[in-house]
Amino acid sequence: MPKCGESETRDAIGAASDAWGAWRAKTAAERGSLIAGLAGLMRRDTDRLAELMTLEQGKPLAEARGEIAYALSFLDWSAEEAKRVYGDVVPASAPDKRILALRQPVGVTAIITPWNFPSAMITRKLGPALAAGCTAVVKPAEDTPLSAIAIGELAVEAGFPPGVINIVTGDPRAIGGAMLDDERVRKISFTGSTPVGRLLMEQASKHLLRLSLELGGHAPFIVFEDADMDRAVESAVACKFRNAGQTCICANRFYVHESVHDRFVERFGAAMEGLKVGNGMGEGVNIGPLINDAGIEKVEEHVADAVSKGAKVVRGGRRASVEGCVDRFFQPTLITGMTPDMRVATDETFGPVAPVAAFSSEEEVVRLANDSEYGLAAYFFTDNASRVMRVSETLEYGIVGVNDGGPSTAQAPFGGVKHSGLGREGGKYAMDEYTELKYVSWRL
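Everything quoted here is computed from the prediction, not taken from an experiment.

The next thing to look at is unusual backbone geometry. The backbone of Ala-244 sits at a positive phi, close to 55 degrees, despite the residue not being glycine. Take Ala-244: it is sitting in the loop between α9 (229-241) and β9 (251-257). One non-glycine residue with positive phi stands out, namely Asn-403, at about 55 degrees. Checked against the element boundaries, Asn-403 lands in the loop between β17 (399-402) and β18 (417-418).

Dropping the structure here:
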């Protein structure tokens, strides 16, 4: 892959800046048609794109196909949303005045994406940016550049004008530094870790850049005594072990009411028996490798820390050996006896480890769930309608799944609170992130 740096990034920003005037001048229908064309090409090439993703990222092929479908859903939605960037006519203060509120594109947008969803995290940002009339410079994660390049190739085939979409791969510090230092960039959208998000926010102050930050998470998964146990267990498996636990909204810590704790642990562990660890290209594989050595070492450290503080490993707890593959596979792991002083209770593990603790009251578990600097996603399971409203309102999270372990969808506002970031991606709400509101006072 090209190892781009400051010079190449400035060239890409220049191309995006030069292309912006003509792109924003296109009608919403014209921009939407090109976005829809890119979605169509991704749909045509789903198998090829999925195989490429599995080979470079590791997730099972079935999950990769699912991600391609998820990725193009953002393009499908954005293609239509381009036609719905509305303004307002505001009642004026005098008979000879008219007040207009116009939505206009921000301008050149820098997009920085993570490795865990290398296609969907690009289209979730790129789709609304293009629909609003912005041009873009995309910096994919160093671990997964190929999926980004493949989308870029399809954008060329779809007929996007030169300079509208630019992709730079290489040195993250040099590329990010150039993006933050160039006054032609007016917006940065970043998905990644909270420490890097803080750094970007500090550096963005130089030019008062618009920011969207989707940062770390530490999602609680709560099972109340009246929960549908079948649904809770099924959702726990899907929510925890998707992408080997390497998702920002996957369940990280499980709180189960003491009256159903043992039953949940038994059934959860039994369900985990059917999970197959292996090469993502293999038939029936559910859990692929961790992304790199640092990733699997972190998982091992979290498990060892929990055990040293009294936790019990019920299932898993070690690396898994997969013939012909690098040593980055970890067994799906179930731990009981989680306490607040353990790293699994405070830090995002980003691996296939499910730590469980018992609780006795609604007030206690809400306090435990909220006792985190993160506030991206939370889940709880109950059949009590009053509790649904109470707990949904008191959980300090941007996304709450009620009896639902898979809340992500293109039309909903995705984002967090506290140290999990700011801004929203998805649906009509995403368009606000890529537009400025202009007030026009017109005296007749």
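As a further point, take the environment of Leu-444. Position of Leu-444 relative to the elements: it lies in the segment after β20 (435-443). Between the C-alpha atoms of Leu-444 and Asp-96, which are 348 residues apart in sequence, the distance is 5.3 Å. Among residues more than four places away in sequence, those in contact with Leu-444 are Pro-95, Asp-96 and Arg-98.

Using the criterion set out here, one finds 34 salt bridges in the structure. Notably, a salt bridge pairs Arg-10 with Asp-182, separated by 3.2 Å at the nearest N-O pair. Taken together, the positions of Arg-10 in helix α1 (residues 6-25) and Asp-182 in the loop between α7 (172-181) and β6 (185-191) put the pair 172 residues apart, joining distant regions of the chain. The exposure class assigned to Arg-10 is partly exposed, which follows from its relative accessible area of 24%. For Arg-343, the salt bridge is made with Glu-301, and the minimal N-O distance between the two is 3.6 Å. Remark: Glu-301 occurs in helix α11 (residues 293-308) and Arg-343 occurs in helix α12 (residues 343-346); sequence separation between them is 42 residues. Members of the salt-bridge network, linked through shared partners, are Glu-6, Arg-10, Asp-181, Asp-182, Arg-184 and Lys-206.

This part covers the packing of aromatic side chains. Under the counting rule described, the total for this entry stands at twelve aromatic pairs. Arranged with centres 4.9 Å apart and planes meeting at 65 degrees, the rings of Tyr-70 and Phe-74 form a pair that is edge-to-face. Note that Tyr-70 and Phe-74 are positioned in helix α4 (residues 61-81) at a spacing of four residues, about one turn of the helix. In this structure, Tyr-70 and Phe-74 share a single accessibility class: buried. Ring geometry for Phe-264 against Phe-268: centres 5.3 Å apart, planes inclined by 40 degrees, an arrangement best described as tilted.

With that out of the way, let us pick up the sheet that holds strand β2 (residues 97-105). Adjacent strands of a sheet form backbone hydrogen bonds with each other and so pair up, either parallel or antiparallel. Spatial ordering of the open sheet is given by β1-β2-β20, a layout of three strands whose pairing is antiparallel. The outermost strands of the open sheet, each flanked by one partner alone, are β1 (88-90) and β20. Across the sheet, the axes of successive neighbouring strands diverge by a mean angle of 25 degrees, strand direction being ignored.

On to the pairing of strand β4 (residues 136-139), then. Burial along β4 is two-sided: the face carrying Ala-136 and Val-138 and the face carrying Val-137 and Lys-139 are both buried. In this structure, strand β3 (residues 108-112) lies alongside β4, joined through four bridges in parallel fashion. When the bridges of β4 are listed, Thr-109 appears paired with Ala-136. Note that the unit made of β3, helix α5 (residues 120-132) and β4 has a crossover that is right-handed. Sheet topology note: the β4/strand β5 (residues 165-167) ladder contains three bridges and is parallel. Pairing of Val-138 across the sheet is with Ile-167, part of β5.

Right, let's talk about the environment of Arg-198 for a bit. Within the element layout of this structure, Arg-198 appears in helix α8 (residues 194-204). For Arg-198, a relative accessible area of 39% translates into the label partly exposed. Among all residues touching Arg-198, those that are not within four sequence positions of it are Glu-373 and His-419.

Another aspect to go through is the pairing of strand β7 (residues 210-214). As a general feature of sheets, a regular strand has side chains that alternate between the two faces. Among the five residues of β7, four are classified as buried, and the element is accordingly described as predominantly covered. Bridging between β6 and β7 involves five bridges; their strand directions are parallel. Looking at β7, one finds that Phe-190 is bridged to Leu-213. One crossover worth recording links β6 to the parallel β7 by way of α8, and it is right-handed. Here β7 runs beside strand β19 (residues 421-422); their pairing, made up of two bridges, is antiparallel. Counterpart to Leu-213 in the pairing with β19 is Leu-422.

Before going further, it helps to spend a moment on the sheet that holds β9. One open sheet holds the seven strands; their spatial order is β10-β13-β14-β9-β8-β16-β17, and the pairing between them is mixed. Lying at the two open borders of the sheet, with one neighbouring strand each, are β10 (312-315) and β17. Between one strand axis and the next, the sheet turns by 25 degrees as a mean value, whatever way the strands run. In the packing of helix α13 (residues 362-370) onto the sheet, the strands contacted are β8 (219-223), β9 and β14 (353-359), and the crossing angle to β9 comes to about 170 degrees.

Calculation rules
- Residues numbered from 1 in each chain as written.
- Predicted model: local features only at pLDDT ≥ 70, side-chain atom pairs only at ≥ 80, totals over all residues.
- Heavy atoms only, no water.
- Helix = DSSP H or I, 4+ residues; strand = E, 2+ residues; numbered from the N terminus.
- Contact = heavy atoms within 4.5 Å.
- Salt bridge = Lys/Arg side-chain N within 4 Å of Asp/Glu carboxyl O.
- Buried < 20%, exposed > 50% of the residue type's maximum accessible area, 1.4 Å probe, protein only.
- Phe/Tyr/Trp six-rings, centres within 6.5 Å; stacked < 30°, edge-to-face > 60°.
- Pairing = 2+ DSSP bridges.
- Axes fitted to C-alpha atoms, helices over the stretch in contact; angles between N-to-C directions.
- Right-handed = clockwise from strand over helix to strand, strands pointing away.

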